[in-house]
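# Summary of structural features
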Amino acid sequence: MSRTIAVYGIFIAILAISLCAGCLTYSIHDATYGGDGITVRVSYNGETTDKAMQVTIYDLSGFRQVQVDKIVQPVTLEPGENTVVFPVELEPGNYRLHIYITKDGERISSVIRDIEV
């Protein structure tokens with residue numbers, strides 16, 4: 001009987017940890033290009049925090065992927081929706097963006113987005 005209770009207890013503890021692991025999440029949403037640069041929407045569920053964000057930009061013309069630029073900048077993420085702008089000038093064309101949120105050099109969240117300029 002006590003072994004069954006212990007197994008259920010461990011299962012419930014793992015379930016609780018799994019559910020709470022998403023309590024401090026970062027979600028990188030859409031990325032768009034405007035005259036002032038690339039704008040990225042980020043959702044954050046937690047207390048105000050300082051992180052770094054990086055965008056690596058690849059040109060997709062000519063059936064190949066060529067790195068155009070890499071921009072790293074510090075950001076302060078507030079709870080809720082955040083907007084981060086990476087200043088860059090791009091020529092018309094198709095681009096692939098590798099977007100990262102990092103803390104102390106470790107990648108916390110990342111996405112790949114394609115945009116057309």
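Before reading on, note that the structure itself is shown above.
Now for a description of the structure that goes with this document. Since the model is a prediction, treat every value here as computed from it, not as a measurement.

Rules behind the numbers
Residues numbered from 1 in each chain as written. Predicted model: local features only at pLDDT ≥ 70, side-chain atom pairs only at ≥ 80, totals over all residues. Heavy atoms only, no water. Helix = DSSP H or I, 4+ residues; strand = E, 2+ residues; numbered from the N terminus. Buried < 20%, exposed > 50% of the residue type's maximum accessible area, 1.4 Å probe, protein only. Contact = heavy atoms within 4.5 Å. Pairing = 2+ DSSP bridges. Axes fitted to C-alpha atoms, helices over the stretch in contact; angles between N-to-C directions.

What follows is about the overall build of the protein chain. Across its full length, the protein chain holds one helix and seven strands. Taken across its 117 residues, the protein chain has 32% of its residues classed as buried. For the protein chain, contacts bridging at least 24 residues in sequence account for 55% of all contacts bridging at least 6.

It is worth spelling out the sheet that holds strand β3 (residues 49-59) at this point. Read across the sheet, four strands follow the order β4-β3-β6-β7 without closing on themselves; strand pairing throughout is antiparallel. The open sheet is flanked by β4 (66-77) and β7 (106-116), the only strands paired with a single partner. Pairwise comparison of adjacent strand axes, ignoring direction, gives a mean angle of 20° for this sheet. Sheet analysis places β3 next to β4, joined by eleven bridges and oriented antiparallel. Residue pairing for β4: K51 is matched across the bridge by V75.

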